[in-house]
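Here is what each chain is made of, one letter per residue.
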Amino acid sequence: VKEPNDVARVRLSIISVEEALQMYKDAKTAEERERLLGPLREKMMEAAMGTDSNNGASNGSSSAVVTPPVAAAAAPSVLADAPKIEVKEVAVPPPPPPTVPAPIVVQKEEPKTDNKPAAPAAPIPEDIASLDDVTLQLSTAAMRLDAQTVSTLLQSNPGIHLDEDTTNAAFRAVVNAVDRAEARDQPIPPTVPQMLHHIFDADLQHLLTREKITKNVTCMMPQTEGLTTHGLNYVFDDGEHKNLPLEEGRKCEDGNCCDKCSRNIFPTFAQEDEINFDTYPGLNTLTFNELEKVSAATIIQFMRLIERVRRTMAHEYGLDLKTLLPLQAYSRKYVAGTTQKGGGGGEGDFVTLHTDEATHGGYHYSCVIYLSEKGEDFQGGDFVFNDPKDPDAPAEDFRHMSLEEQLRRTGRKLTPFHPTRGAAVIFSSGWENMHEVEKITHGIRYAVPAFFTTCPVPEAAYDQMVAGKPKTDEDIADDWLHLLLAHRPESPMEGAGRVRELLMKWHYMCTPLSMH
């Protein structure tokens, strides 16, 4: 192989096969080796097909990889003997010119961050620097988990971001590195969170190029003048929530919210493969309190989705990213025919009309990510914004409805959203966005509610932690391990303490030191 780009692709394929082989050799039990056997064979098959002269040397994608001819039939002997894979020169037909995706250039202003100056750019390794395309250089460095080179390339090429293929390849490299460290009972290398920071950056840039439906609304809060009869009813009766007297303004208890309020729908917040339950088992039932038996891939993917929400909120509302932290995030299961058991992940077939900020004073921004789809996985179950009706709006005919439904709709304007897999609704948590979930009549509805606060964490809280705020990249990697990926048994009290520390340290774990 004589073309520099082809040499790099061969090298990347070899690295991929060797990593899978090393993980197989490091497995401590027969069950673990059995689990790793399929991925290893898959890597070897990909390598064998990568140089098939009938398929050509490249599929035209910036993340395409041309690999050395490793025959699929050789898999059993490789597993038995674990020989070192050698790269040999092979004759490959000249590849067609690669199709390089246009770099993503975001015109929208980024949220304020008060970042510290970036560290000096690290030198680019010679074999990567010899490649004649920045996109391929980024892809090569990302698959190697070479976060420093990715940083250098991004700093020296303003306006360019990791494309989606490269971002996903980098994510797979992160998961492989974490699995390998766990198999060897070693610490997580600092390159893992460093690469995750690049992935989180890229995820936001990709989302900003997708469809978004926004409705700006006037911020509302309860009237501050005395407690009226309606107010007293509201305290004792959820059905009176819609009658609570309101006035314009943002309550934002003890926080630093934006003075603008809105509703945002992202029809494709997450791609189909990002919420696949086969790839990420347990994603639809995940809670941070119980991670012992959840795979590293699923945990990191859940973190990735929640961090995407956080960065989107900061962007949409002009918030300093470090002032916005998750207060609660979990997967929730709604089952037709079951009784609602309130918040915190309890099953039920509906959610009564409520305001998130009334539920918890620290909820300032809210999100729901949908993991299942109406019409395929369940019936009913619409997410509905419930607003006062415009006095000039024409009267509706409720005669065909039940008395309960007539009372629900009288004087109100209902705006339903039909959940689709991968969509998300992001909105300010005040009384301008009262909402409910209609009763599910059939099937199971999975969603991820997440609530964010702008209340600052007292410095004393960090002082009381065993480790405190991370001061080095190694500290950040240690926090990822001990707060998320240790896979250790723990009591409910220990789990609650770990989750509390995780949420308080979230920004420090999900951003580089320059943004702390």
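Residues numbered from 1 in each chain as written. Predicted model: local features only at pLDDT ≥ 70, side-chain atom pairs only at ≥ 80, totals over all residues. Heavy atoms only, no water.

A. Structural context of unusual backbone geometry. Of note, the phi angle at Cys252 is positive, near 45°, even though the residue is not glycine. Relative to the elements of secondary structure, Cys252 occurs in the loop between strand S3 (246-248) and strand S4 (261-266). Judged by its relative accessible area of 8%, Cys252 falls in the buried class. A positive phi angle is found at Asp254, which is not glycine, with a value near 60°. (Helix = DSSP H or I, 4+ residues; strand = E, 2+ residues; numbered from the N terminus. Buried < 20%, exposed > 50% of the residue type's maximum accessible area, 1.4 Å probe, protein only.)

B. Highlighting the sheet that holds strand S10 (residues 383-388). In space, the 4 strands of this open sheet follow the order S7-S13-S10-S11, with antiparallel pairing throughout. At either margin of the open sheet sits one strand with a lone partner, and together these are strand S7 (351-354) and strand S11 (412-417). Going from strand to strand, the sheet's axes swing by 20° on average, the running direction of each strand aside. Two elements, S10 and S11, share 6 bridges in a ladder whose sense is antiparallel. In the sheet register, Phe385 faces S11, and the bridge partner there is Thr415. (Pairing = 2+ DSSP bridges. Axes fitted to C-alpha atoms, helices over the stretch in contact; angles between N-to-C directions.)

C. Seen up close, the packing of aromatic side chains. Under the defined criterion, the tally for this structure stands at 12 aromatic pairs. On the numbers, 5.8 Å between centres and 45° between planes, the contact of Tyr370 with Phe417 is tilted. Taken together, the residues Tyr370 in strand S8 (residues 365-370) and Phe417 in strand S11 connect sequence positions 47 residues apart. With a centroid separation of 5.8 Å and 50° between ring planes, the pair formed by Phe383 and Phe427 is classed as tilted. (Phe/Tyr/Trp six-rings, centres within 6.5 Å; stacked < 30°, edge-to-face > 60°.)

D. Region of the structure containing empty space enclosed by the protein. In the structure shown here, the tally under the stated rule is 2 cavities of 30 Å³ or more. Counted as a void, the largest cavity has a volume near 80 Å³. Of the residues contributing to the lining of the largest cavity, the split by class is 5 nonpolar, 2 polar and 4 charged. Roughly 50 Å³ of internal volume is contained in the second largest cavity. As for the second largest cavity, its lining consists of Glu164, Thr167, Asn168, Asp203, His206, Arg210, Gln271, Glu274, Arg304 and Arg308. Only helix H7 (164-183), helix H8 (191-207) and helix H10 (296-317) provide two or more residues apiece to the lining of the second largest cavity. No other element matches H7, which puts 3 residues into the lining of the second largest cavity. (1 Å grid on protein atoms, 1.4 Å probe; cavity = no way out; pocket = protein on both sides within 12 Å on 5 of 7 lines; lining within 4 Å. Points joined across faces, edges and corners; volume = space filled by probe spheres on them. Nonpolar A, V, L, I, M, F, W, Y, C, P; charged D, E, K, R; others polar.)

E. Quick look at the pattern of salt bridges. All told, the structure shown has 26 salt bridges when counted by the stated rule. One salt bridge connects Asp201 with Arg311, and the closest N-O pair in it is separated by 2.4 Å. Pair noted here: Asp201 is in helix H8 and Arg311 is in helix H10, with a separation of 110 residues, a long-range link. The class for Asp201 is partly exposed, based on a relative accessible area of 33%. By relative accessible area, Arg311 is classed as buried at 6%. (Salt bridge = Lys/Arg side-chain N within 4 Å of Asp/Glu carboxyl O.)

F. Spatial organisation of the environment of Pro326. Considering the arrangement of structural elements, one finds Pro326 in strand S5 (residues 325-329). In this structure the C-alpha to C-alpha distance between Pro326 and Ala450, which are 124 residues apart in sequence, comes to 7.1 Å. Pro326 has contacts with Ile306, Arg310, Phe451, Phe452, Leu503 and Trp506, leaving out every residue within four places of it along the chain. (Contact = heavy atoms within 4.5 Å.)

G. Local environment of the confidence of the model for the protein. Looking at the protein, pLDDT values average 82 and 76% of them are 70 or higher. Here residues 51-115 scores under 50 on pLDDT; set against residues more than four positions off or in separate chains, the count is 114 contacts. In this model, residues 228-236 is a region of pLDDT below 50 whose contacts with residues beyond four sequence positions or in other chains number 13 contacts. (pLDDT = per-residue confidence, 0-100.)

H. Seen up close, the packing of H10 against helix H14 (residues 473-485). Across the interface, H10 lies against H14 with an axial gap of 11 Å and an inter-helix angle of 105°. On the basis of their axis angle, the class for H10 and H14 is roughly perpendicular. Residues Ala296, Ile299, Ile300 and Met303 of H10 lie in contact with H14, whose contacting residues are Trp480, Leu484 and Leu485. Counted by class, the contact of H10 with H14 contains 7 nonpolar, no polar and no charged residues. (Parallel < 35°, antiparallel > 145°, perpendicular 65-115°, else oblique.)

I. Up close: the state of the cysteines. Summed over the entire model, instances satisfying the criterion amount to 2 disulfides. One disulfide in the model links Cys219 with Cys261; its S-S distance is 1.9 Å. Handedness of the Cys219-Cys261 disulfide follows from its S-S torsion of about 110°: it is right-handed. Of this pair, Cys219 sits in the loop between strand S1 (213-217) and strand S2 (220-222) while Cys261 is found in strand S4, placing the two residues 42 residues apart along the sequence. Take Cys261: its relative accessible area is 3%, and that puts it in the buried class. What pairs with Cys252 in a disulfide is Cys257, and their sulfur atoms sit 2.0 Å apart. Taking the sign of the torsion about the S-S bond as the criterion, the disulfide between Cys252 and Cys257, at about 80°, is right-handed. (Disulfide = S-S within 2.5 Å.)

J. Representation of the nonpolar core in the model. If you look at the biggest cluster of nonpolar residues, it comprises 82 residues, and the most contacted ones within it are Leu196, Phe288, Trp480, Leu484, Leu485 and Trp506. Ranked by residue count, the leading element in this core is H10, at 12 residues. Not counting residues up to four positions away in its chain, the partners in contact with Leu485 are Val178, Ile188, Ala296, Ile299, Ile300 and Trp480. Core analysis: the next-biggest nonpolar cluster, separate from the first, contains 15 residues, Tyr334, Tyr370, Phe385 and Phe417 among them. (Core = buried A, V, L, I, M, F, W, Y, C linked by side-chain atoms within 4.5 Å.)

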